[in-house]
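Descriptive structure summary
Now for the letters of each chain:
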Amino acid sequence: MDTTRFDDDLRAMLDEVESDRRGEPSDYLEDVAGQHVDGLAVAVCTVDGHQAAAGETEHAFALQSVSKALTYAVVLQEIGLDHVLEDVGVEPSGESFNHLSLHDDGRPCNPLINAGAILVHSLLPAGDEDERTALLLRRYSALAGVELEVCEDVLDAERTRADRNLGLAHLLADAGRLPISAREAVAGYLAQCSVLVTAPQLAVMGATLAAGGTNPVTGERVLDEWVAQQAMSVMLTCGMYDASGQWVAEVGVPAKSGVSGALLGAVPGALGLATWSPRLDEQGNSRRGIGLFEGLSARWDLHVLQHRGALRGLSGPR
């Protein structure tokens, strides 16, 4: 694999998408200082620890809904798949991220929509909100290989816009699905969404999933292999909300988006890929992030359903 091409390819793709100014940023950014809406970054980390990045690689942004996939993995690791499936399904909803999409038995359709993510957060085995957040920060930091923290400015901005999430949580509580109070579940969920990362750190988190749960930079085993596989399976089918089917067909990479403009991808056995660009499309996914993933998937043969090996595009001449 010609890893020396990473830098050139990342810069070339940034040049291709940089001029795209379509879409609007999430409204929470109005209340957060330093969150310029036309920022752009991309980073990659392979499962053997090679890293490259381009753009505003030092800029930290909130995980937002990318945290849903990570928390799902943490909860799977802590309490097991059977326990989680009792409360949250794994089926694509085909609806927007903040829709109350439930199975007939009252379970949220999957852990990557808001209702499912709130319920998954409530399953963390900890005594209170602070302990749940501390547990997630430890696991997130192990996935990234650096110490991460909650941004209080982002959290404050999210708290002022929490009515719909509180409504979802109260409906889940009314159905007897939440093991903790609705307000506590939403408070913890908003805290996990407010954890800050840079694009290179997020790429390492993706590479840890792609490597079967072992961080390729630190060498630490963070998740069991089956946990990483389960998390990536749900990312592939549900990670881009009601655009997930189109994403699988056109990009073919397990991924999770967030309204901060974050986009995380994990190609099993190959690499983690992360982008950041805050302008969003109608589904709440980063417009330029999608463009970067489309271009790099084609350049590097990343589609997980193709018959050729991932990264074959880096092994030969241009």
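Note that the structure is a prediction, hence the values are computed from the model and not measured. (Residues numbered from 1 in each chain as written. Predicted model: local features only at pLDDT ≥ 70, side-chain atom pairs only at ≥ 80, totals over all residues. Heavy atoms only, no water.)

1. Details of the packing of aromatic side chains
Here is the rule we go by: Centres within 6.5 Å make a pair out of two Phe, Tyr or Trp rings, where for Trp the six-membered ring is used; the pair is then stacked when the planes are under 30 degrees apart, edge-to-face when over 60, and tilted otherwise. In DSSP terms, a helix is any run of H or I states spanning at least four residues, a strand is any run of E spanning at least two, and both are numbered starting from the N terminus. Burial status follows relative accessibility: with a 1.4 Å probe on protein chains alone, a residue under 20% of its type maximum counts as buried, one over 50% as exposed, and anything between as partly exposed.
Within the structure shown, the criterion is met by 3 aromatic pairs. On the numbers, 4.9 Å between centres and 75 degrees between planes, the contact of F6 with W300 is edge-to-face. Taken together, the residues F6 in helix 1 (residues 5-17) and W300 in helix 12 (residues 287-300) connect sequence positions 294 residues apart. Given a relative accessible area of 1%, F6 falls into the buried group. A relative accessible area of 0% places W300 in the buried class. When the ring of F61 is compared with that of W276, the centres are 5.7 Å apart and the planes differ by 0 degrees; the resulting orientation is stacked. Taken together, the residues F61 in strand 3 (residues 61-62) and W276 in strand 7 (residues 271-276) connect sequence positions 215 residues apart. When sorted by exposure, F61 lands in the same class as W276, which is buried.

2. Some points on the packing of helix 2 (residues 66-79) against helix 4 (residues 114-122)
Spelled out, the test is: Lines fitted to the C-alpha atoms define the axes, with helices restricted to the stretch that makes contact. Angles between their N-to-C directions range from 0 to 180 degrees. Left-handed is the label given to a crossing in which the near helix is rotated counterclockwise from the far helix by less than a right angle, and right-handed is the label when the rotation is clockwise. Contact criterion: two residues are considered in contact whenever any of their non-hydrogen atoms come within 4.5 Å of each other. Throughout this entry, Asp, Glu, Lys and Arg are counted as charged residues, while Ala, Val, Leu, Ile, Met, Phe, Trp, Tyr, Cys and Pro are counted as nonpolar. The remaining residues, Gly among them, count as polar.
In contact at an axis separation of 10 Å, helix 2 and helix 4 are set at 35 degrees when each is read in the N-to-C sense. Along this stretch, helix 2 crosses helix 4, giving a crossing that reads as left-handed. The segment helix 2 lies against helix 4, with K68, T71, Y72 and V75 engaging N114, A117, V120 and H121. For the contact of helix 2 with helix 4, a count of residues per class yields 4 nonpolar, 3 polar and 1 charged.

3. As for the sheet that holds strand 7
Using the following cut-off: DSSP calls a pair of strands paired once it identifies at least 2 bridges connecting them.
Spatially, 5 strands are ordered 2-1-7-6-5 in an open sheet, and the strand pairing comes out antiparallel. Every interior strand has two partners, whereas the edge strands, strand 2 (51-55) and strand 5 (255-257), have only one. Between one strand axis and the next, the sheet turns by 10 degrees as a mean value, whatever way the strands run. Here strand 6 (residues 262-267) runs beside strand 7; their pairing, made up of 6 bridges, is antiparallel.

4. Re the pairing of strand 6
Most of strand 6 is tucked away, with 6 of its 6 residues classed as buried. Because side chains alternate across strand 6, one face comprises the buried residues A262, L264 and A266, and the other comprises L263, G265 and V267, equally buried. Sheet analysis places strand 5 next to strand 6, joined by 3 bridges and oriented antiparallel. Looking across to strand 6, one finds that K256 is bridged to L264.

5. A word on the pattern of salt bridges
Quick reminder of the rule: A side-chain nitrogen of Lys or Arg and a carboxyl oxygen of Asp or Glu constitute a salt bridge if their distance falls within 4 Å.
On inspection of all chains with the given rule, the structure shows 15 salt bridges. With its nearest N and O atoms 3.0 Å apart, the salt bridge here joins R21 to E18. Its relative accessible area of 37% is what places R21 among the partly exposed residues. On the basis of relative accessibility, which here comes to 36%, the residue E18 falls in the partly exposed class. Linked through salt bridges whose partners overlap, the residues forming this network are R5, D9, E16 and R299.

6. Points about unusual backbone geometry
The backbone of Q64 sits at a positive phi, close to 50 degrees, despite the residue not being glycine. Secondary-structure assignment places Q64 in the loop between strand 3 and helix 2.

7. Some words on the packing of helix 4 against helix 7 (residues 163-174)
Between helix 4 and helix 7, the least distance of the axes is 10 Å, while the angle of their chain directions is 65 degrees. Considering only the axes of helix 4 and helix 7, their crossing is right-handed. Residue-level contacts link N114, A115, I118 and L119 of helix 4 to N165, L168, A169 and L172 of helix 7. For the contact of helix 4 with helix 7, a count of residues per class yields 6 nonpolar, 2 polar and no charged.

8. With respect to helix 6 (residues 152-159)
The cut-off we apply is this: The arc under discussion is defined with respect to the helix axis, by the directions toward the C-beta atoms.
Taken together, the buried positions of helix 6 are occupied by V154, L155, A157 and E158. Angular distribution of buried residues about the axis of helix 6 spans 160 degrees; they occupy a single face of the element. Looking at the buried residues of helix 6, the elements they touch are strand 3 and helix 8 (182-193).

9. A look at the UniProt feature "binding site: substrate" (unreviewed entry) in the protein chain
Operational definition: UniProt positions are given in the numbering used here, feature names are shortened, and annotations may be inferred rather than shown by experiment.
Per the UniProt record, the feature "binding site: substrate" (unreviewed entry) sits at S65, N114, E158, N165, Y189, Y241 and V259. Position of N114 relative to the elements: it lies in helix 4. Along the chain, V259 falls in the loop between strand 5 and strand 6. For V259, a relative accessible area of 14% translates into the label buried. In this structure V259 touches S26, Y28, Q64, L280 and G284, once residues within four positions along its chain are discounted.

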